[in-house]
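# Topology and contacts: notes
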Amino acid sequence: MKTRDQLYSKNASKILRDITNYHNMQRGQVLKMYPGQEEKVSNLLSFLVRQRRIFYSSRDDIYYDNMDMQKEPETLSALWVLADFADRAEFHTSADFPVKIIFFYNGETYDIIYVAKGKEALIEHALAQQEEEAGIRLVIIEQTDQIPQLHIPGVAAFCIVTESGDVQYYKGGTT
């Protein structure tokens, strides 16, 4: 018979890996990454906070990997997009600028990219400098009027993410 530690250790390791990899995750994101395990995940989060392996801000409802608790809005937006694929993603991790998150799904590589308003040219230039083959791109924008300004190859969808985690997907300027 397995002990409680043995039952929880695998999920605890995964949750700890996710939070330390992305540095901050909203509670809803963590729960969405582990569908059907909400109670178990809530218990593990409480345990990891008590052990001071992660830190929690009740004001923001965010878990952090350190006591500085620096909120990263772009990463949080990218995590909401990833959460939409969490039950099907084979692997996910943070990535180098300008890609926020990379994940594998159905034999394909996906890049989640955040483009702040006014930074369209910078992101296009940074992507053009990448030598490796790009994955399928999901591009987070702040406003739909950014879509015609962006000329990024391999975009499957543009996304607008609300702070509460609602993701609206656009293809070619339409919903």
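Residues numbered from 1 in each chain as written. Predicted model: local features only at pLDDT ≥ 70, side-chain atom pairs only at ≥ 80, totals over all residues. Heavy atoms only, no water.

### Quick look at the layout of surface pockets
Where empty space is left in the structure can be found by rolling a water-sized probe over the atoms. Counted as a void, the largest pocket has a volume near 260 Å³. Lining the largest pocket are Asn-11, Lys-14, Arg-17, Asp-18, Met-33, Tyr-34, Gln-37, Ala-86, Ala-89, Glu-90, Phe-91 and His-92. Counting only elements with at least two residues in the lining of the largest pocket, the list comes to helix H1 (4-22) and strand E4 (91-94). For the lining of the largest pocket, the element with the most residues is H1, which contributes four residues. Its boundaries defined by the atoms lining it, the second largest pocket holds a volume of some 220 Å³. Taken together, 18 residues line the second largest pocket, and the ones lying closest to its centre are Glu-74, Thr-75, Ala-95, Val-99 and Lys-100. The element contributing the most residues to the lining of the second largest pocket is strand E5 (residues 99-105), with three residues. Residues belonging to the lining of the second largest pocket are distributed by class as follows: nine nonpolar, four polar and five charged. (1 Å grid on protein atoms, 1.4 Å probe; cavity = no way out; pocket = protein on both sides within 12 Å on 5 of 7 lines; lining within 4 Å. Points joined across faces, edges and corners; volume = space filled by probe spheres on them. Helix = DSSP H or I, 4+ residues; strand = E, 2+ residues; numbered from the N terminus. Nonpolar A, V, L, I, M, F, W, Y, C, P; charged D, E, K, R; others polar.)

### Brief notes about the nonpolar core
If you look at the biggest cluster of nonpolar residues, it comprises 40 residues, and the most contacted ones within it are Ile-15, Val-81, Ile-112 and Leu-138. With seven residues, the single largest contributor to this core is helix H4 (residues 73-83). The residues contacting Ile-15, other than those within four sequence positions of it, are Val-30, Tyr-34, Val-41, Leu-44, Leu-45 and Leu-48. Counting 14 residues, the second-largest nonpolar core is a separate cluster that includes Val-99, Val-139, Ile-141 and Ile-152. (Core = buried A, V, L, I, M, F, W, Y, C linked by side-chain atoms within 4.5 Å. Buried < 20%, exposed > 50% of the residue type's maximum accessible area, 1.4 Å probe, protein only. Contact = heavy atoms within 4.5 Å.)

Everything listed here is a matter of geometry and, on its own, says nothing about what the molecule does.
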